[in-house]
Amino acid sequence: MSQPVEDLFKKVTAHAKEYGFIFPSSEIYDGLGAVYDYGQNGVELKNNIREYWWKSMVQLHENIVGIDAAIFMHPKVWKASGHIDGFSDPMIDNKDSKKRYRADQLLEEQIEKYEKKGKTDKAQDLQRAMNQALNDNDLQAMHDLIVEHEIVCPISGTRNWTDVRQFNLMFSTQMGSVADESDAVYLRPETAQGIFVNFLNVQKTGRMKIPFGIAQTGKAFRNEIIARQFIMRMREFEQMEMQFFVKPGTEMEWFAHWKKSRLSWHLALGTPAEAYRYHDHEKLAHYANAATDIEFKFPFGFREVEGIHSRTDFDLRNHQELSGKKLQYFDPETNSNFIPYVVETSIGLDRMFLLLLCNAYREEMVGEGDKQETRVVLALPPQLAPVKVAVFPLTKKDGLPEKAREIMNRLKLQFRCHYEEKDAIGKRYRRHDAIGTPFCITVDHESLQDNTVTLRHRDSMQQERVAISELEQRIGQQVRLSSLFEQMSM
Ligand code: GAP
């Protein structure tokens, strides 16, 4: 059933809460801005996405290994990486509403407004002027553009703005008991630096030969000025990153390789190819010589899910300089040392989660005549679904629950299963459609006679009679992660 996109997003967020995927953090205290908790179904889906990423990166690549670095790192890490001096957004406050905005986003919204009204020239002029101001880090020019284009605060409706200031996005805290400046430590804003500082440890102990990669998943923290669109932009989120260390001069080949390989990881999930696009960066960060975003068409437009960046030797070189420790690779073929170049793949786990929810949410009319009703189904890839199989006895008597439990006890050794005996079968099917369970098994009186059950498929709603002895194999071939790997190009 097609529906307005803004409704779709509202429905997805409401559904995520109603069915135990995502809750606002500390909800009984009215929540905490842009921080969320994953519920009983959310945690399963999140774990499955992480496992899909981890196995496709680490298990399937002989030359990629994983680590798990601490969230706290030496404060000098963030000096070397450029985050202390440069990881900031330009912000502006409205003096009447006391609300804070990102100056560049106010301007971007104004550009969108011009485009919608067909004022293409104005949109282009503003885009050019904004790019120039961002390039020159000219905060006064950004302020002047906001004033010149008469941008008003969406809350107060006034143009009573402060100056534009830079706002560092890192959270800091104190380590140890003395609240002294020198003790300040940061919550990491990206997981990548834990990989860079361990580059030699892993290379030496793992006897890794270039080209090789180090992968890591874990929490990252950013004090985002405006956090919007549910779990799209959070203050505490999870990244899945891989740094691939290569010989200088070969980085463009590897950049092209990872660009293709990462998109193929996404497409193996069955998401339509037209919902994805690459966005190659024209304006590159000072440390990068190529960068692209993999963008997905969310209900509110195309947005970045993953970045692929050719980061040159920027990070290793800076860490080498600031720490005074050599971070070089000895190449036995040429008998020489060099600082490797790095191609990074960086995907937000929460954003991938949101992508899957938006892509999976469907409302369908089912049934005939008076019996027509809407069913809400999450058509998640079966391999990632939180629950793989639901087992139902048709009634609560005649030995059916015992038989159902017997089947469940065998299947649960392999798959995440749910057992349910409350309500009519139709209602139980609907509950599992709503959380994306790909298979439901119903045990009836016939099952006691001939050891067969009804196997019901989520998407087609088709039901078939299947021997109990065949269940593991029938279900397994559709829900195992390995079925996704066969479709990927690596
Ligand atoms: N190490 C490179 C790096 O951190 P990034 O583009 O800043 O690059 C990578 O982040 C990915 O992390 C993004 O593509 C996005 O999926 C995710 N991400 C970044 N900030 C986020 C936030 N505030 N909330 C949720 N996900 C975020």
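Below or above, wherever it landed, is the structure these notes cover. Only a predicted model underlies this, so the values are computations on that prediction, with no experimental measurement involved. (Residues numbered from 1 in each chain as written. Predicted model: local features only at pLDDT ≥ 70, side-chain atom pairs only at ≥ 80, totals over all residues. Heavy atoms only, no water.)

## Notes on helix α5 (residues 103-116)
Next, step 1: Taking 1.5 Å of rise per residue, the 14 residues of α5 would be expected to cover 20 Å, and the 20 Å separating its terminal C-alpha atoms lies within 8% of that figure.
Next, step 2: Listing the buried residues of α5 in full gives Ala103, Asp104, Gln105, Leu106, Leu107, Gln110, Ile111 and Tyr114.
Next, step 3: Against the buried residues of α5 lie β4 (88-93), β5 (100-102), α6 (120-135) and α7 (139-148).
Next, step 4: Taken from the residues just after α5, glycine 118 is the one with a positive phi, measuring 80°. (Helix = DSSP H or I, 4+ residues; strand = E, 2+ residues; numbered from the N terminus. Expected span 1.5 Å × (residues − 1). Buried < 20%, exposed > 50% of the residue type's maximum accessible area, 1.4 Å probe, protein only. Contact = heavy atoms within 4.5 Å.)

## Some thoughts on the site of the ligand
Next, step 1: Around the ligand lies a shell of 20 residues, among which Glu190, Glu224, Glu241, Glu304 and Val305 are the nearest.
Next, step 2: The contact in question runs from an oxygen atom of the ligand to an N or O atom on the side chain of glutamine 239, over 3.0 Å.
Next, step 3: Within the side chain of glutamate 241, an N or O atom sits 2.5 Å from a nitrogen atom of the ligand.
Next, step 4: Taking 560 Å² as the accessible area of the ligand by itself, protein coverage stands at 91%.
Next, step 5: If one sorts the elements of the shell around the ligand by residue count, strand β13 (residues 301-310) sits on top with 5 residues.
Next, step 6: Classifying every residue of the shell around the ligand by side-chain character gives 5 nonpolar, 5 polar and 10 charged. (Near = heavy atom within 4 Å. Polar contact = N/O pair within 3.5 Å; in protein donor to acceptor, adjacent residues only side chain to side chain. Areas by Shrake-Rupley, 256 points an atom, 1.4 Å probe, with all protein chains shown as cover. Nonpolar A, V, L, I, M, F, W, Y, C, P; charged D, E, K, R; others polar.)

## Digging into the packing of α5 against α7
Next, step 1: Running from amino to carboxyl end, α5 crosses α7 at an angle of 35°, the nearest separation of the two axes being 10 Å. The chirality of how α5 crosses α7 is left-handed. Contact with α5, carried on its side by Ala103, Asp104, Leu106 and Leu107, involves Met142, Leu145 and Ile146 of α7 and no other residues of that element. (Axes fitted to C-alpha atoms, helices over the stretch in contact; angles between N-to-C directions. Left-handed = near helix turned anticlockwise from the far one by under 90°.)

## Overview of the pattern of salt bridges
Next, step 1: Taken as a whole and judged by the stated rule, the model has 36 salt bridges.
Next, step 2: Between arginine 262 and glutamate 306 there is a salt bridge, and its shortest N-O distance comes to 2.6 Å. One end of the pair, arginine 262, is in helix α10 (residues 251-267); the other, glutamate 306, is in strand β13, and 44 residues separate them in sequence. Just as arginine 262 is buried, glutamate 306 falls in that class too.
Next, step 3: As a salt-bridge pair, arginine 311 and aspartate 315 come within 3.0 Å of each other at their nearest N and O atoms.
Next, step 4: By relative accessible area, arginine 311 is classed as buried at 2%.
Next, step 5: A single network of salt bridges, built from pairs that share partners, joins Glu364, Glu373, Arg375, Arg430, Asp433 and Arg456. (Salt bridge = Lys/Arg side-chain N within 4 Å of Asp/Glu carboxyl O.)

## Focus on the side chain of histidine 319
Next, step 1: Take histidine 319: it is sitting in helix α11 (residues 314-323).
Next, step 2: Excluding residues within four positions of it along the chain, histidine 319 makes contact with Val77, Ala80, Gln193, Phe196, Val197, Gly324 and Leu327.

## So, the side chain of threonine 312
Next, step 1: Positionally, threonine 312 belongs in the loop between β13 and α11.
Next, step 2: Within the local environment of threonine 312, its side chain forms a polar contact with the backbone nitrogen of phenylalanine 314, the two atoms lying 3.3 Å apart.
Next, step 3: If near-sequence neighbours (up to four positions away) are discounted, threonine 312 is found in contact with Tyr287, Asn289, Pro340, Tyr341 and Val342.

## Some thoughts on the sheet that holds strand β21 (residues 439-443)
Next, step 1: Read from one edge to the other, the open sheet built from 5 strands follows the order β20-β19-β21-β22-β23, with strand pairing classed as mixed. The sheet is open, and its two edges are formed by β20 (417-419) and β23 (463-467), each paired on a single side. Ignoring which end each strand starts from, the neighbouring axes of this sheet average 25° apart.
Next, step 2: Two elements, strand β22 (residues 452-457) and β23, share 5 bridges in a ladder whose sense is antiparallel. By the bridge assignment for β23, threonine 454 is matched with arginine 465.
Next, step 3: Across the sheet, helix α14 (residues 425-435) lies against β19 (389-393), β20, β21, β22 and β23, angled at about 170° from β19, the strand it touches most. (Pairing = 2+ DSSP bridges.)

## Focus on the environment of arginine 207
Next, step 1: Among the secondary structure elements, arginine 207 is positioned in the loop between α9 (199-205) and β9 (212-221).
Next, step 2: Note: C-alpha distance between arginine 207 and alanine 141 (66 residues apart in sequence) is 52 Å.

## Observations concerning the pairing of strand β10 (residues 236-246)
Regular strands have side chains that alternate between both faces of the sheet.
Next, step 1: In terms of residue burial, β10 counts as a mostly covered element, since 10 of its 11 residues are buried.
Next, step 2: Sheet topology note: the β9/β10 ladder contains 10 bridges and is antiparallel. Note on β10: the bridge partner recorded for glycine 218 is glutamine 239.
Next, step 3: Of the pairings in the sheet, the one linking β10 to strand β16 (residues 341-348) comprises 8 bridges and is antiparallel in character. Each residue of the ladder has a partner; that of phenylalanine 245, found in β16, is valine 342.

Don't take any of this as a statement about function, it's just geometry.
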